[in-house]
Amino acid sequence: PLDSLTLERWYVAPGVKRIQVKESRIRGALFLPPGEGPFPGVIDLFGGAGGLMEFRASLLASRGFATLALAYWNYDDLPSRLEKVDLEYFEEGVEFLLRHPKVLGPGVGILSVCIGAEIGLSMAINLKQIRATVLINGPNFVSQSPHVYHGQVYPPVPSNEEFVVTNALGLVEFYRTFQETADKDSKYCFPIEKAHGHFLFVVGEDDKNLNSKVHANQAIAQLMKNGKKNWTLLSYPGAGHLIEPPYTPLCQASRMPILIPSLSWGGEVIPHAAAQEHSWKEIQKFLKQHLLPDLSSQL
């Protein structure tokens, strides 16, 4: 090599406090910014990999948000498989966060991706405490595991396995599997118009796992049809499924715990990197706008 560079990245700013959470059913990690607060509260949800992922929550806390990285399967004593989405569990997570003396109420935000975004959307519709929801490449319907809330069961949408594609590299692409059901007919979609909070849709147009652009446009069409203006869309050509904080390397494919072979996530290096850099700033701006009572005095 003609040259080399070692880059060290800090995911937790000085003074940020990490608290392991194991209270009642709730499992996760709470990150609190330095200072007395109170701080806007955010619940951070990841998707199909399961477990507890903390890097995004710690970065948000380093930017002034009290952030709960909430695990919901394949972690500690939680179920090893996501057989159902119990919305009452996530409601407990919201209530746990709002009870903390350093969290600014009366509502919280959600930052979510993939299946986490599916759950985030369902939470925003059913829980009145959700004021701002960031949905990164998620479906606007129940895609796999049924959602259950106070005895009401919302079943998954039928999918078409014949539309699963294995590309030239042997990677599986799922983005066409709902083209004959949810992609065509809004009867399968969440009643997003019932939500009282605001939405930020972040879309990678080269997503090979979900047809994210179609799903976001459907949700926005439903909002517009019902006279709602509570949404913003960020749509990025050339960006893939895993839009993460900036300077995170593009992950075009990876192995999932319950799937063989590996999944294709899509994305081209340069536009994906640009999408991550731009969206991260917009996500923070969006959360501040809708979670802080007086934005001008907090900046």
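The structure displayed is predicted, hence computed values, not measured ones.

Basis of the calculations
Residues numbered from 1 in each chain as written. Predicted model: local features only at pLDDT ≥ 70, side-chain atom pairs only at ≥ 80, totals over all residues. Heavy atoms only, no water. Helix = DSSP H or I, 4+ residues; strand = E, 2+ residues; numbered from the N terminus. Rg over C-alpha atoms; globule rule 2.2 N^0.38 Å. Buried < 20%, exposed > 50% of the residue type's maximum accessible area, 1.4 Å probe, protein only. Polar contact = N/O pair within 3.5 Å; in protein donor to acceptor, adjacent residues only side chain to side chain. Contact = heavy atoms within 4.5 Å. Expected span 1.5 Å × (residues − 1). Disulfide = S-S within 2.5 Å. Pairing = 2+ DSSP bridges. Salt bridge = Lys/Arg side-chain N within 4 Å of Asp/Glu carboxyl O. Axes fitted to C-alpha atoms, helices over the stretch in contact; angles between N-to-C directions. Parallel < 35°, antiparallel > 145°, perpendicular 65-115°, else oblique. Nonpolar A, V, L, I, M, F, W, Y, C, P; charged D, E, K, R; others polar. UniProt positions renumbered as here; feature names shortened; annotations may be inferred. Core = buried A, V, L, I, M, F, W, Y, C linked by side-chain atoms within 4.5 Å.

Caption draft 1: Highlighting the overall build of the protein chain. When helices and strands are tallied, the protein chain shows six helices and 15 strands. Relative to the 2.2 N^0.38 estimate, which gives 19 Å for 299 residues, the radius of gyration of the protein chain is 19 Å and therefore close to what a compact globule would have. Based on the C-alpha atoms only, the size of the protein chain along its principal axes is roughly 60 × 55 × 40 Å. Counting across all 299 residues of the protein chain, residues that qualify as buried make up 51%.

Caption draft 2: Representation of the side chain of His272 within the structure. Relative to the helices and strands, His272 is located in helix α5 (residues 269-291). Within the structure, the side chain of His272 is placed 3.1 Å from the backbone oxygen of Leu242, a separation counted as a polar contact. With near-sequence residues (within four places) excluded, His272 lies in contact with Gly238, Ala239, Gly240, Leu242, Ile243, Leu250 and Gly267.

Caption draft 3: α5, seen in detail. Here α5 contains 23 residues, and its C-alpha end-to-end distance of 33 Å stays within 8% of the 33 Å for a straight helix at 1.5 Å per residue. All buried positions along α5 are accounted for by His272, Ala275, Gln276, Ser279, Trp280, Ile283, Gln284, Phe286, Leu287 and Leu291. Here the buried face of α5 lies against β3 (39-45), α1 (55-61), β6 (103-113), β7 (130-136), β12 (198-204) and β13 (231-236).

Caption draft 4: Structural view of the state of the cysteines. As enumerated under the stated definition, the model contains zero disulfides in all. In this structure Cys189 is not part of a disulfide, and its nearest cysteine sulfur, from Cys114, lies 17 Å away. For Cys189, a relative accessible area of 11% translates into the label buried.

Caption draft 5: Broad picture of the pairing of strand β2 (residues 26-32). In terms of burial, β2 is a largely internal element, seven of the seven residues being buried. Side-chain alternation along β2 places Ile26, Gly28, Leu30 and Leu32 on one buried face and Arg27, Ala29 and Phe31 on a second face that is also buried. Examined bridge by bridge, strand β1 (residues 17-23) and β2 share seven bridges and lie antiparallel to one another. For Glu23, the partnering residue across the bridge sits in β2 and is Ile26. Counting the residues between successive antiparallel strands, the hairpin from β1 to β2 contains two residues, one of them, Ser24, with a positive phi of roughly 55 degrees. Here four bridges tie β2 to strand β4 (residues 66-70), and the two strands are oriented antiparallel to one another.

Caption draft 6: Up close: the pattern of salt bridges. Inspection of the entire model under this criterion finds 12 salt bridges. With a shortest N-O distance of 2.9 Å, Arg99 and Glu23 are connected by a salt bridge. Taken together, the positions of Arg99 in helix α2 (residues 87-99) and Glu23 in strand β1 put the pair 76 residues apart, joining distant regions of the chain. With relative accessibility at 54%, the residue Arg99 sits in the exposed group. Note on Glu23: relative accessible area 36%, which makes it partly exposed. Across the salt bridge formed by Asp76 and Arg27, the nearest N and O atoms sit 3.2 Å from each other. Residue Asp76 is located in the loop between β4 and β5 (85-86), and its partner Arg27 is located in strand β2; the two are separated by 49 residues in the primary sequence. For Arg27, a relative accessible area of 7% gives the class buried.

Caption draft 7: Inspection of the sheet that holds strand β8 (residues 147-149) at higher detail. Strand order in the open sheet made by the three strands is β5-β8-β9, with mixed pairing throughout. Each edge of the open sheet carries a strand with a single partner, namely β5 and β9 (152-154). Where helix α3 (residues 115-126) meets the sheet, it contacts β5, β8 and β9, and its direction lies at approximately 25 degrees from that of β8.

Caption draft 8: The arrangement of the packing of α2 against α3 in detail. Orientation of α2 relative to α3, taken along the N-to-C sense of each, is 75 degrees, at an axis distance of 11 Å. Taken together, the axis directions place α2 and α3 in an arrangement best described as roughly perpendicular. Of the residues in α3, those in contact with Leu87, Phe90 and Val94 of α2 are Ile119, Ser122, Met123 and Asn126. Here the contact of α2 with α3 is composed, by residue class, of five nonpolar, two polar and no charged.

Caption draft 9: Representation of the UniProt feature "active site" (unreviewed entry) in the protein chain within the structure. Taken from the UniProt record, the annotation "active site" (unreviewed entry) applies to Cys114, Asp207 and His241. The annotated residues occupy 128 residues of the chain but converge on a single region, no pair of C-alpha atoms lying more than 10.6 Å apart. Checked against the element boundaries, Asp207 lands in the loop between β12 and α4 (212-225). The buried category is assigned to Asp207, whose relative accessible area is 5%.

Caption draft 10: Seen up close, the nonpolar core. If you look at the biggest cluster of nonpolar residues, it comprises 77 residues, and the most contacted ones within it are Phe90, Met123 and Leu287. Residue contributions to this core peak at seven residues, all from α3. Filtering out sequence-adjacent residues up to four positions away, Leu287 remains in contact with Val42, Leu60, Phe65, Gly109, Ile110, Ala132, Val134 and Leu292.

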